[in-house]
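Fold and contact review
Listed here are the chains, written in short residue letters.
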Amino acid sequence: MLLIPCPWCGERDESEFTCGGEAHIRRPPDPDALGDAEWADYLFMRANPKGALRERWCHAHGCGRWFNVERDTVTHEIATVYRMGDPPPGEDGS
Amino acid sequence: MTPARYSIFSLARNALGYHRNWPRAWRSPEPRPSYDVAIVGGGGHGLATAYYLAREHGIHNVAVLEKGWLGGGNTGRNTTIIRSNYLWDESAHLYEKSLKLYEGLSRELNFNIMLSQRGVLNLAHNRHDLKELSRRVRAIRLNGIDSEILDPEGVKAEVPILNTSPSPRYPILGASLQRRGGIARHDAVAWGFARAADARGVDIVQNCEVTGIDVAGGRVTGLETTRGRIAAKKIGLVAAGHSSVLAAMAGLRLPIESHTLQAMVSEPIKPVLHSVVMSNAVHVYVSQSDKGELVIGAGMDGYNSYSQRGSFRIVEAQIGALVELFPIFSRLRMLRQWGGIVDVCPDASPIVGKTPVEGLYINCGWGTGGFKATPGSGWAFAHTIAQDRPHALNAPFALERFASGRLIDEHGAAAVAH
Ligand SMILES: Cc1cc2nc3c(=O)[nH]c(=O)nc-3n(C[C@H](O)[C@H](O)[C@H](O)COP(=O)(O)OP(=O)(O)OC[C@H]3O[C@@H](n4cnc5c(N)ncnc54)[C@H](O)[C@@H]3O)c2cc1C
Ligand SMILES: [Zn+2]
């Protein structure tokens, strides 16, 4: 059972949350110019790493807000939690 | 190289020797420096692929490379439900091919896989469920596959211990039933294919993890492994939950997410449940093993994981659902619980076919429901590798469907029901 630190509500039980999958998938800036393979990549292809994964979670049965989590998919350890719109840790120059 | 046949006579003969003289069922060879075909993953699908490569296509210079022990992945962790009642034609044909192969498999492999066609029920709990089930049953029958609808009295007659009274929050309004569905012994399927493949010259190499895929000029040339480099003209990836990790070694991305799916067994009790009972609406399914244990499963964890440990939240929900369906089970104790890493595709259908890399083939995405497909998947994949083109059975399950948009949406067949 995960204990997930919501950026707004603090640590809460996994059962209050839903997982929205891989984070930082950018909507293609120019959809009209996209070929089938690029659409497939955007819509369906996923990194699915064994190790550190950045993903989106929603505190559905709490504040109802979305946020980002960096979690290890083997140990389930949560390395960091950051708000929507914030740059991923280590990628903001700091 | 034919191994000693198993029969009533060999059983009697070996009983006289206190079962100390059984020959080994397969060799444990050192990997050779090169193979015509290397299969990555020694689960049921990989072993079946190797067997059919040798048997149907005369390709014997084959290795199955397994990082752990044979059948130690999802093959040895699943709840062994077998059925072919899938909605879409493409799936119906593939799963039915598999069920037909299963029906003759003990004899063909000379290995008792303990197939028990005891019937699989899918319950309906509201009017929408009922409509959906009758649509499915009709589609399935149009494909020549046995399937029928039961009313609540019919359900009660099949499974007397189900609570079919109107009192539960989600009452049972009916069910679909595939009588040819049932269960089989999962280890025996892996062992039977392993023994038969080995007898045809296939090298099964355990404790051999693939760590790299060598590609030169858009073509595979071999594999890096923890037991050295192994050259191969063709490579088949059959690694279930680790498919994305392996595909990445060849620079490929897959539409797959790995999740934990768990199951548990109760303490053994006297025979009380004859059929397999599944409910998508309340999220649980159950059968009783020959040992008397109830084998219970449900949905998977909602987030990516390679941990093989399920969340307690799922345990709680599935036991709640089980007890609502079967009040008689409320005082049972659970013996064991475990998890496997399932490879989930966006359309809940598998990927069986070629990849953009020449000589590299992939068989994955079976997710929560591939045990029932083991022989059919191996059969079709062996054809794909041998002929370098898919068989009509698996052509619709190509990786390209995610670009063409021809998805095969089987969420209704596979969401909870495995
Ligand atoms: C709890 C649970 C219940 C299930 N219930 C059912 C059910 O009732 N009915 C049904 O039809 N299906 C069910 N399934 C699904 C079914 O188990 C799988 O779809 C099927 O067994 C997959 O077989 P496989 O041979 O492809 O994979 P596996 O048996 O997982 O084999 C893949 C193998 O690849 C190996 N491997 C991975 N990476 C490497 C590497 N780098 N190098 C070498 N080897 C590697 C692994 O060790 C593993 O042995 C269930 C699954 C689970 C987890
Ligand atoms: Zn919150």
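Residues numbered from 1 in each chain as written. Chains lettered and ligands numbered in written order. Predicted model: local features only at pLDDT ≥ 70, side-chain atom pairs only at ≥ 80, totals over all residues. Heavy atoms only, no water.

The subject of this paragraph is the overall build of chain A. A tally of helices and strands in chain A yields 1 helix and 6 strands. Reading the helices (α) and strands (β) of chain A from amino to carboxyl end gives β-β-β-α-β-β-β. The principal-axis extent of the C-alpha atoms belonging to chain A is close to 45 × 30 × 25 Å. A total of 94 residues make up chain A; the buried ones form 33% of that total. Within chain A, residue pairs in contact and separated by at least 24 positions form 48% of the contacts whose partners lie at least 6 positions apart. (Helix = DSSP H or I, 4+ residues; strand = E, 2+ residues; numbered from the N terminus. Buried < 20%, exposed > 50% of the residue type's maximum accessible area, 1.4 Å probe, protein only. Contact = heavy atoms within 4.5 Å.)

For the zinc ion (ligand 2), the full set of protein donor atoms is Cys6(A) (SG), Cys9(A) (SG), His59(A) (ND1) and Cys63(A) (SG), and the range of their distances to it is 2.0 to 2.3 Å. Taken together, the 4 donor atoms coordinating the zinc ion (ligand 2) and their angles of 106 to 118 degrees define a geometry best described as tetrahedral. (Donors = N, O, S within 2.8 Å, 3.2 Å for Na, K, Ca; no water. Tetrahedral: all angles 85-135°; square planar, octahedral: opposite > 155°, others 65-115°.)

This paragraph deals with the pairing of strand E4 (residues 52-58) of chain A. Successive side chains on a regular strand alternate, one facing one side of the sheet and the next facing the other. All names here are of chain A. With 4 bridges joining them, strand E3 (residues 18-22) and E4 adopt antiparallel strand pairing. Its bridge partner being in E4, cysteine 19 is matched across the sheet by tryptophan 57. In the sheet, E4 pairs with strand E5 (residues 66-72) via 7 bridges, with the strands oriented antiparallel. For leucine 53, the partnering residue across the bridge sits in E5 and is arginine 71. (Pairing = 2+ DSSP bridges.)

Let us now look at the interface of chain B and chain A. With 24 residues of chain B at the contact, the number on the chain A side is 23 residues. Of the roughly 2,000 Å² buried at the junction of chain B and chain A (both faces included), carbon and sulfur atoms supply 55%. On the chain B side of the contact with chain A, Arg253(B), Tyr303(B) and Tyr306(B) bury the most area, a combined 32% of that side's loss. Where chain B touches chain A, the interface holds 15 residue pairs in polar contact (both at pLDDT 80 or more). The residue inventory of the side of chain B that touches chain A, partitioned by class, reads 11 nonpolar, 8 polar and 5 charged. (Buried area = accessible area lost by both parts, 1.4 Å probe. Polar contact = N/O pair within 3.5 Å; in protein donor to acceptor, adjacent residues only side chain to side chain. Nonpolar A, V, L, I, M, F, W, Y, C, P; charged D, E, K, R; others polar.)

Our next topic: the sheet that holds E3(A). Residue and element names in this part refer to chain A. Across the sheet, which stays open at both edges, the 4 strands sit in the order E3-E4-E5-E6 with antiparallel pairing between neighbours. The open sheet is flanked by E3 and strand E6 (78-83), the only strands paired with a single partner. Averaged over all adjacent pairs, the angle separating strand axes in this sheet is 30 degrees, with direction ignored. (Axes fitted to C-alpha atoms, helices over the stretch in contact; angles between N-to-C directions.)

Below, the discussion takes up the sheet that holds strand E4 (residues 120-124) of chain B. Residue and element names in this part refer to chain B. Spatially, E5-E6-E4-E13-E14-E15-E12-E16 is the arrangement adopted by the 8 strands of the open sheet, whose pairing is mixed. In this open sheet, the two strands that pair with only one neighbour each are strand E5 (148-150) and strand E16 (334-344). Recorded for the sheet is a direction-independent mean angle of 25 degrees between the axes of neighbouring strands. Where strand E12 (residues 257-266) meets E16, 10 bridges bridge the pair, whose relative direction is antiparallel. In the strand pairing of E16, histidine 259 is matched with valine 342.

To continue, consider the domain arrangement of chain B. Residue and element names in this part refer to chain B. By the assigned domains, chain B splits into domain 1 (26-80 + 187-255 + 349-414) and domain 2 (118-181 + 258-344). Taken over C-alpha atoms, the centre of domain 1 sits 30 Å from the centre of domain 2. Between domain 1 and domain 2, the contact holds 17 residues from the first and 17 residues from the second. Between domain 1 and domain 2 the total buried area reaches about 1,400 Å² when both faces are included, carbon and sulfur atoms providing 48% of it. (Domains from an automatic or database assignment.)

Further remarks concern the site of ligand 1. All names here are of chain B. Surrounding ligand 1, one finds 39 residues, the nearest of these being Glu66, Asn74, Thr75, Thr79 and Lys372. In the environment of ligand 1, a nitrogen atom lies 2.9 Å from a nitrogen or oxygen atom belonging to the backbone of valine 210. For the shell around ligand 1, the secondary structure elements donating two or more residues are helix H2 (44-57), E12 and E16. Broken down by element, the shell around ligand 1 gets its largest block of residues, 3 residues, from E12. (Near = heavy atom within 4 Å.)

A few words now on the packing of H2(B) against helix H7 (residues 186-199) of chain B. Residues and elements named next belong to chain B. Interaxial distance between H2 and H7 falls to 9 Å at its minimum, and their mutual angle equals 30 degrees. One element, H2, and the other, H7, form an angle in the roughly parallel class. Judged by the twist between their axes, the crossing of H2 over H7 is left-handed. Taken together, the residues of H7 that come into contact with H2 (itself represented by Leu47, Ala48, Ala50, Tyr51 and Tyr52) are Ala190, Phe193, Ala194, Ala196 and Ala197. A per-class count over the contact of H2 with H7 returns 10 nonpolar, no polar and no charged. (Parallel < 35°, antiparallel > 145°, perpendicular 65-115°, else oblique. Left-handed = near helix turned anticlockwise from the far one by under 90°.)

Further remarks concern the packing of aromatic side chains. A complete count under the given rule lists 14 aromatic pairs over all chains for this structure. Relative to Phe402(B), the ring of Phe44(A) lies with its centre 5.4 Å away and its plane at 65 degrees, an arrangement referred to as edge-to-face. Of this pair, Phe44(A) sits in the loop between helix H1 (36-43) and E4 while Phe402(B) sits in helix H11 (residues 401-404), each in a different chain. Taking relative accessible area as the criterion, Phe402(B) reaches 3% and is therefore assigned buried. Geometrically, the ring pair formed by Tyr6(B) and Phe111(B) is edge-to-face, given 5.9 Å between the ring centres and 65 degrees between the ring planes. A residue pair is termed long-range when its members are at least 10 positions apart, and Tyr6(B) in the segment before helix H1 (8-16) and Phe111(B) in the loop between helix H4 (105-109) and E4 qualify at 105 residues. Three or more aromatic residues joined by ring pairs make a cluster, and in this case those are Phe17(A), Trp57(A), Phe67(A) and Tyr303(B). (Phe/Tyr/Trp six-rings, centres within 6.5 Å; stacked < 30°, edge-to-face > 60°.)

Residues and elements named next belong to chain B. A surface patch of nonpolar side chains, about 440 Å² in accessible area, is lined by Ile8, Phe9, Leu11 and Trp22. Its location among the elements puts tryptophan 22 in the loop between H1 and strand E1 (34-40). The exposure class of tryptophan 22 is partly exposed, given its relative accessible area of 31%. (Patch = residues over 30% accessible without salt bridge, like charges linked within 9 Å, V, L, I, M, F, W, Y side chains within 5 Å. Areas by Shrake-Rupley, 256 points an atom, 1.4 Å probe, with all protein chains shown as cover. Salt bridge = Lys/Arg side-chain N within 4 Å of Asp/Glu carboxyl O.)

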